[in-house]
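# Remarks on the overall topology
Below are the chains, spelled out letter by letter.
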Amino acid sequence: MFAFLKNHPFAVEAYFESSIVLTFAVSKEKLVELIPKTLTLDTLDDRYGFLAVALVKTTQLRPKGFPKVFGNDFFLIGYRIFVKYENEKGKKRRGLYILKSETNRKKMEILGNIFSHYNYRTTDIQQQQKGKEHCVSSKRSNFQIEYSEGDINSELPAQSPFIDWKEARKYAGPLPFTFNYDAKKNEMLIIEGIRENWKPIPITVSQYHIEFLKELKLDDAILANAFIINHIPYSWKKGIKEKCSN
């Protein structure tokens, strides 16, 4: 009865204290199986598709225009594939397709699954810091990333398919749009994100283990880039729906 609520029915705003994004290069044949046929992979050299793992520390999440006191603070781990979408009129958009989202608060899981298709689940999330070394982990999700902050002169991850950080920056996320496809109605839900002063800084990942990649049978995924973005106001417009071409 209330399925329409999942279509992001109102604008939302928040403040990102930090957003860490690890992007993995995967053979396009493996990723194309994970997205709807109405979307196409955003590829490099027609060889690699890309899956991003984002770790976002968010505060003051609330309907746009509401006072900050009504906001919620939470930590998010999101798994997204870089995709492209072309509508019936030939307009092209570049964005993300959400596979799974995890949060450290049950309240966020409940509200997130009422008002979005982002597939939230509650998990434990720990953050540790010793000097310049950082660690984000989850026992329940069998997840751990250890990193240190770098700069534009840092080296790209070993085996990265990118030529340099400038090229890697194009796959640092978040892209302007997020897509969700309703196969029964042949409709695409499009959510546009608005951000300010988005300036990713490279980080050096010393080690990682992400169980969800194994669940997707992506053991051969290559770490292509890793960035951090700090102190960013962010908002999402109300979702819009478009009929997809047959």
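Given the structure is predicted, the values throughout are model-derived calculations rather than measurements.

### Here's the deal with the overall build of the chain
From N to C terminus, the chain includes four helices and 14 strands. In terms of overall dimensions, the chain is globule-like: its C-alpha atoms have a radius of gyration of 18 Å, near the 18 Å expected for 246 residues. Burial statistics for the chain: of 246 residues in total, 51% are counted as buried. Pairs at least 24 residues apart make up 68% of the contacts formed inside the chain by residues separated by at least 6 positions. Of the roughly 13,200 Å² of accessible surface on the chain, a fraction of 51% belongs to carbon and sulfur atoms.

### Observations regarding the pairing of strand S13 (residues 222–236)
Summarising burial for S13: 12 of the 15 residues are buried, a large majority. Two strands pair when backbone bridges link them, and strand S1 (residues 12–27) and S13 are joined in this way by 13 bridges, in the antiparallel orientation. Opposite Leu-22, over in S13, you have Ala-226 as the bridge partner. Two strands pair when backbone bridges link them, and strand S11 (residues 187–195) and S13 are joined in this way by three bridges, in the antiparallel orientation. Bridged to Ile-194 within S13 is Ser-235.

### Concerning the environment of Arg-47
Structurally, Arg-47 can be placed in the loop between strand S2 (40–41) and strand S3 (48–63). Given the relative accessible area of 53%, Arg-47 is considered exposed. Separated by 3.3 Å, the side chains of Arg-47 and Tyr-48 make a polar contact.

### Considerations on the nonpolar core
Counting residues in each nonpolar core, the largest one holds 39 residues, and the members touching the most others are Val-53 and Ile-210. Looking at which element gives the most residues to this core, the answer is strand S4 (residues 72–86), with six residues. Dropping the residues within four chain positions of it, Ile-210 is found in contact with Phe-24, Val-53, Tyr-79, Asn-142, Phe-143 and Ile-145. Counting residues in hydrophobic clusters, the runner-up holds 37 residues, among them Ala-52, Tyr-171, Ile-191 and Trp-236.

### Regarding the pattern of salt bridges
Within this structure, the stated rule accounts for 11 salt bridges. Residue Asp-42 is joined to Arg-94 by a salt bridge in which the shortest nitrogen-to-oxygen separation is 2.2 Å. On the criterion of sequence distance, the pair formed by Asp-42 in the loop between S2 and S3 and Arg-94 in strand S5 (residues 92–103) is long-range, its members being 52 residues apart. Classification of Arg-94 as partly exposed rests on a relative accessible area of 27%. With a closest N to O distance of 3.8 Å, Lys-241 and Glu-187 form a salt bridge.

### Looking at unusual backbone geometry
Here Asn-186, not a glycine, exhibits a phi torsion of approximately 55 degrees, which is positive. Owing to a relative accessible area of 15%, Asn-186 belongs among the buried residues under this scheme. Residue Lys-217 is not a glycine yet carries a positive backbone phi of 60 degrees. Counting through the fold element by element, Lys-217 comes out in the loop between helix H4 (211–215) and S13. Classification of Lys-217 as exposed rests on a relative accessible area of 65%.

### Overview of helix H2 (residues 106–115)
Where H2 is concerned, the buried positions are Met-108, Glu-109 and Gly-112. Seen end-on, H2 carries its buried residues on one side only, within an arc spanning 100 degrees. If you follow the buried residues of H2, they end up packed against S3, S4, S5 and strand S6 (120–122).

### Focus: the packing of aromatic side chains
Applying the stated criterion across every chain, the model contains 16 aromatic pairs. With a centroid separation of 4.6 Å and an interplanar angle of 55 degrees, the aromatic rings of Tyr-79 and Phe-212 are classed as tilted. Taken together, the residues Tyr-79 in strand S4 and Phe-212 in helix H4 connect sequence positions 133 residues apart. When sorted by exposure, Tyr-79 lands in the same class as Phe-212, which is buried. Here the aromatic residues Phe-16, Trp-198, Tyr-234 and Trp-236 are joined through ring pairs into a cluster of three or more. It is Arg-93 that lies over the ring of Phe-177; its NZ or CZ is 5.4 Å from the centre. Positioned above the aromatic ring of Tyr-171 is the side chain of Arg-94, whose terminal nitrogen or guanidinium carbon lies 5.0 Å from the ring centre.

Reading the values: the criteria
Residues numbered from 1 in each chain as written. Predicted model: local features only at pLDDT ≥ 70, side-chain atom pairs only at ≥ 80, totals over all residues. Heavy atoms only, no water. Helix = DSSP H or I, 4+ residues; strand = E, 2+ residues; numbered from the N terminus. Rg over C-alpha atoms; globule rule 2.2 N^0.38 Å. Buried < 20%, exposed > 50% of the residue type's maximum accessible area, 1.4 Å probe, protein only. Contact = heavy atoms within 4.5 Å. Areas by Shrake-Rupley, 256 points an atom, 1.4 Å probe, with all protein chains shown as cover. Pairing = 2+ DSSP bridges. Polar contact = N/O pair within 3.5 Å; in protein donor to acceptor, adjacent residues only side chain to side chain. Core = buried A, V, L, I, M, F, W, Y, C linked by side-chain atoms within 4.5 Å. Salt bridge = Lys/Arg side-chain N within 4 Å of Asp/Glu carboxyl O. Arc of directions from axis to C-beta. Phe/Tyr/Trp six-rings, centres within 6.5 Å; stacked < 30°, edge-to-face > 60°. Lys NZ or Arg CZ within 6 Å of the ring centre and 35° of its normal.

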